Structures are given as C-alpha cells and as structure tokens.
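Now for the letters of each chain:
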Amino acid sequence: MALLIRNADIVNAGSREQADIYVESATITRIGRDLRAPPGTEIVDARGKLVFPGFVDPHVHIYLPFMATFAKDTHETASIAALVGGTTTFIEMCCPNRNDDALEGYQRWKSKADGKSACDYAFHMSVTKFGKETESQLKEIVADGTASFKIFLAYKNFFGIDDGEMFETLELAKRLGVIVTAHCENAELVARLQQKLLAEGKTGPQWHEVSRPESVEADGTGHFAAFLEITGAAGYVVHLSCEKALNAALAAKARGVKLSIESVLPHFLLDKTYAERPGVEGMKHVMSPPLRAKHNQAALWAALASGAVDTVGTDHCPFDLEQKLLGKDSFVSIPNGIPGIEERVNLMYTHGVMRGRLELDRFVDATSTRAARLFGLFPRKGAIAVGSDADIVVYDPHYRGAVSARTQHTNNDYNGFEGMELEGRPSVVTVRGKVQVRDGNFVGERGYGKFLKREATHF
Ligand code: URP
Ligand code: ZN
Ligand code: ZN
C-alpha cells in the first residue's frame, strides 16, 4: 500500500526541508509540496513533528554466547525494542569464539535472525582466529553481503586475537575493501591487573574499571591504529570510552590513518560511580571498556558534536540480574554489557539536542547517516531521499517521559538508564513503508525485517 507523510519537517544530515513524502512499494518515490495521493493511500500527518531517516545502530549483540551465559534478547524482542526507539536498522556483531568454525558461526547467527527480526539488519563478522581456512571463509562471507569485520584485542583466549592474526585480518580486509571494527583494550594488561586485584581480595564490581583503566584502552587504540597505518586498511574503533583513547585515535587520524570512531550510549550518560554501587546495582553497570570518570563525558560530547567521533552505537548486550550475579564473588565473572537499543535515539536527542550539546542535523548524522555511509548502506538507509528505503521516523519533540524497565521491550528485568528523562520519542516508525510503531507501541509485523546485503566500499 502507498503511504503519504504530509507536512513533514524533514531533517537529513546536512539539510532541512518542509515537504510531503510519498512512498510506493517500500521506497520513497516523491518528496515535494502538496503531493497528491490515490484513494486508499495511508496518510500520516506530521505537523508539529520532526521527520528523520530511520536510525541505524552500528553495534549490537543479540544472539551472544559470552561469559558462561547468553545475552537475553531474541531477534524478535531486540528488533521490537529497536523500532519502538526509532532504530530501523541494526548491525549485529556475529561472534563465534576461537574454537568455533567461522563459517558455521556465521550461518548460525544468520539462522537466528532469519524471519524473526521486525526491522532490517546486517552483521559485522568477527575474526576470532586466523587459520588455514579463514581467508576463503571470509571471502565467502563478504560475497554473501557481510562486508565488515570485527576483531577483539581484549577477551584473551575467547574472542581475542594475537598481533599476527590482526595483521593477516587487516591485510585481507585491505585487499577486499572491507572495514575492520575493533574492540581496543590491551588483553595482557587486563589479565595481569585482574589477577593482581583478585589476589588482593578486591572482588566487587567497583574493581572492574580499575582492571581496565583508560591507559589500557588508549594503548589498544594506538596499537590498532599502528596496524592500520602499516597495512593501509580502513578501521573503526568501537565503544571508545575516554579522552585518553580519543587522543590516541585522533593522533592516528591526524597522521592519515583511515580510522573512524564510535562511542556508545552508556559512555555519554553513565559514569563509573554507577558501577561502584554495592552489589548487583553496580553489576548492572559493568561493561567493557568500563564506565569512566565523569570528566570524560564532556570530551566525548565535544568530539561527537564536531564529528571527530563519527557515530553513536549502543553495544546493546542485555544480561538479567540473575546472570549479573554470576559475578557476585568476582568482578571478572560479571557478564559484560549494558543494553540500550531502545533508549539510544531518545536519550541522545534529549541529552544531546535538547541540552544544547548537539546540532539537530549532526544528531541525525551520528545516529543514522554516518553509520550507513561507513558500512555500505547509504543511500538505501540513513537518508530521506527519492530512491531510499522508506524507513522514516516521525518524531514527537513534545513527548515527556522517563526510561523505565516496566515499560521497556528489551527482554530484561532492569534498565541501566532507569529514571532518566526523555524529551521526545517516535510517534510513527516505518520500515520500508510499513508502519511498525505508533506512540511507543509495536503495531506492525513481526519477522518483517530483511537481511541487508552490503558491498565492500573501502578500497
Ligand atoms: O561489555 C560489553 N561491551 N559487552 C559486549 C561485548 C563487547 O565487548 O562488545
Ligand atoms: Zn567490545
Ligand atoms: Zn560490543
């Protein structure tokens, strides 16, 4: 069915326009004033609202065997949570571990999502070892449309790779034109600090940050950048959390290293005092890299506003209270992760745009367009333009509310952002022209989401 969005105040990255938007067969076919539509067309009146391209979350975990358990969401629950919060596309980390076969892992991840996601999705393929078959397997995966890799410098003996494997991965990525995303923490330093702290009887969640200090992340970031510089590959630091790591990344960029930077929702809004709360309250806020000292947030916001930090993801990774309590005797066993797929857009709008930290079009760029560009989805995603998929968020800037676990769609029994104010939320969300959300409720079709095939673009 056709769809007409009337009286739209369209905010794209870099432009703003008052117009109507007409959608046929899942695609935006016309943008202009006073558009006419045939009888039977679904009409949405966007007067008084803002109209954004569907938001893109470049970093989520849904199916994830990790730290002796599994992340809690299914593709059904996570995609509904994403949509209610305005995210119409997510890119999931496909994370087989070092003992898994990469191709089998890739197929397993795809089969988990297939027919279950209500929004569109893609994968970053993790390279967690580089063996004899890796090159041919990765070529097959790229040919299947998964044109970005993920490596972990952290999580020794599980996801983590060594320097030789990182070199092989980046050389291959350079030849294939594929961007490599990386979790940058020095694994050896983390392991040594964890042992030292535990030997001193320091077992609570407050010691998690101490075991992964800012210099551990700055070192990992600089190390990754040095390998990018030598191989000429394009890279993307995920979940950069602090000023020291930011400086390492910016120094590399200044020397011409092809490096993009992502920071994630928790690091903009939560600081390490959350993880220092006693018991399970602290455990809820354990992720890696850890929540940092508050002064880092100003540096991240400023770098985001200027575009030096390219994107905002979530690193959505839900574990419930019972799972968090796996680490009650030792912080090294607390499953790492703070979910946020549902909250990212509204919290960045409220605490970024409404608090004067982010211009509106940069907000769109950071939360949608730039990720679409970096990961080969643009202009299909990340823009309201003729020919783009009709992923449209009609956004109500007058809504007032607060984050609450009681009303969330993510499959979890708490919310790490509990009680935070919301000044705006999506009023209508469409995926390829289909209305999936109205005013905080999922009203659409489960399993409607499609796997997005992407071309390599980083030659
Ligand atoms: O704590 C985190 N970040 N959990 C998810 C796994 C990862 O490192 O991204
Ligand atoms: Zn990570
Ligand atoms: Zn992650």
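The paragraphs below set out a description of the structure included in this document. Sequence order as written defines the numbering, with residues in each chain counted from 1. As a convention, the first chain written is A and the first ligand written is 1, with the rest following in written order. A pLDDT threshold of at least 70 governs which residues receive local features in this predicted model, and a stricter bar of 80 or more applies before side-chain atom pairs are shown or counted, although totals over entire chains, interfaces and linings include all residues. Based on all heavy atoms of the structure, the side-chain values leave hydrogens and waters out of the count.

1. Digging into the layout of surface pockets
Its boundaries defined by the atoms lining it, the largest pocket holds a volume of some 380 Å³. In this analysis, the protein atoms alone were mapped onto a 1 Å grid. Cavities are point sets where a 1.4 Å probe fits without being able to get out; pockets are open sets with protein on both sides within 12 Å along at least five of seven lines; lining residues have an atom within 4 Å of a point. Lining of the largest pocket is provided by 16 residues; of these, Met67, Tyr155, Lys156, Gln194 and Val332 occupy positions nearest its centre. Looking at the lining of the largest pocket element by element, the count peaks at four residues for helix H5 (residues 187–199). Under the convention adopted here, Pro, Cys and the residues Ala, Val, Leu, Ile, Met, Phe, Trp and Tyr are nonpolar, Asp, Glu, Lys and Arg are charged, and Gly plus all remaining residues are polar. Of the residues contributing to the lining of the largest pocket, the split by class is ten nonpolar, four polar and two charged. The space that makes up the second largest pocket amounts to roughly 330 Å³. Glu342, Tyr399, Thr407, Leu422 and Arg425 are the residues nearest the centre of the second largest pocket, which is lined by 16 residues in total. Grouping the amino acids of the lining of the second largest pocket by side-chain chemistry returns five nonpolar, eight polar and three charged. Grid points are joined across faces, edges and corners, and a volume is the space filled by probe spheres set on the points. For helices the rule is a DSSP run of H or I covering at least 4 residues; for strands it is a run of E covering at least 2, with both sets numbered from the N terminus onward.

2. What about helix H7 (residues 214–231)?
To estimate the expected span of a helix, subtract one from its residue number and multiply by 1.5 Å. Compared with the 26 Å implied by 1.5 Å per residue over 18 residues, the 26 Å span of H7 between its first and last C-alpha is a close match. Summary of the burial criterion: residues with accessible area below 20% of their type's maximum are buried, those above 50% are exposed, and those between are partly exposed, where the area comes from a 1.4 Å probe applied to protein chains only. Of the positions making up H7, those classed as buried are Glu214, Val216, Glu217, Ala218, Gly220, Thr221, Phe224, Ala225, Phe227, Leu228 and Thr231. Looking at the residues trailing H7, positive phi occurs at Gly232, about 80 degrees.

3. Points about the coordination of the zinc ion (ligand 3)
Within the first shell, the zinc ion (ligand 3) binds the protein through His59 (NE2), His61 (NE2) and Asp315 (OD), at distances of 2.0 to 2.1 Å. Only N, O and S atoms count as donors, using a 2.8 Å limit from the metal and a wider 3.2 Å limit for Na, K and Ca, and since water is excluded some coordination spheres may look unfilled. A four-donor site is classed as tetrahedral when every donor-metal-donor angle falls between 85 and 135 degrees; four donors are called square planar, and six octahedral, when trans pairs exceed 155 degrees and all remaining angles lie between 65 and 115, with any other arrangement labelled irregular. For the zinc ion (ligand 3), the four donor atoms in the first shell make angles of 88 to 142 degrees at the metal, a pattern classed as irregular. Each donor residue of the zinc ion (ligand 3) lies on one chain, and together they are spaced H-x1-H-x253-D. The distance between the zinc ion (ligand 3) and the zinc ion (ligand 2) comes to 3.7 Å. Separated by 254 residues along the polypeptide, His61 in the loop between strand S6 (55–60) and strand S7 (65–66) and Asp315 in the loop between strand S15 (311–313) and helix H13 (321–324) bring together distant segments of the chain. For the pair shown, His61 and Asp315 are each scored as buried.

4. Considerations on empty space enclosed by the protein
Considering all chains together, one arrives at two cavities of 30 Å³ or more under this definition. There is about 120 Å³ of room inside the largest cavity. Forming the boundary of the largest cavity are 16 residues, of which His61, Phe66, Tyr155, Asp315 and Asn336 lie nearest the centre. Considering the residues around the second largest cavity, the lining is formed by Ser241, His267, Leu270, Asp271, Arg292, Ala293, Lys294, Asn296, Gln297 and Leu300. With three residues, the top contributor of residues to the lining of the second largest cavity is helix H12 (residues 295–306). The class makeup of the residues in the lining of the second largest cavity is three nonpolar, four polar and three charged.

5. Structural notes on the coordination of the zinc ion (ligand 2)
At 2.1 Å from the zinc ion (ligand 2) lie its protein donor atoms, namely His183 (ND1) and His239 (NE2). What the four donor atoms of the zinc ion (ligand 2) show is an angle range of 56 to 150 degrees at the metal, which sorts the shape as irregular.

6. Describing the environment of Thr146
Here Thr146 shows up in the loop between helix H3 (134–143) and strand S11 (148–152). Among the residues examined, Thr146 registers a relative accessible area of 0% and is labelled buried. A sequence separation of 302 residues divides Thr146 from Tyr448, and the C-alpha atoms of the two residues are 20 Å apart.

7. Quick notes on H12
Its twelve residues place the ends of H12 18 Å apart at the C-alpha level, agreeing with the 16 Å of an ideal helix rising 1.5 Å per residue. Listed in full, the buried residues belonging to H12 are Asn296, Gln297, Ala299, Leu300, Trp301, Ala303 and Leu304.

8. Quick notes on the sheet that holds S15
Across the sheet, which stays open at both edges, the eight strands sit in the order S6-S9-S10-S11-S12-S13-S14-S15 with parallel pairing between neighbours. Edge positions in the open sheet fall to S6 and S15, since each of these has one partner strand only. The average angle at which neighbouring strand axes cross in this sheet is 30 degrees, direction not considered. Being paired, for any two strands, means DSSP has found at least two bridges between them. Pairing of strand S13 (residues 235–237) with strand S14 (residues 259–264), which is carried by three bridges, proceeds in the parallel orientation. Looking at the pairing, Val237 lines up with Ile261 of S14. To obtain each axis, a line is fitted to C-alpha atoms, and for helices this fit is confined to the stretch in contact; angles are then taken between N-to-C directions over 0 to 180 degrees.

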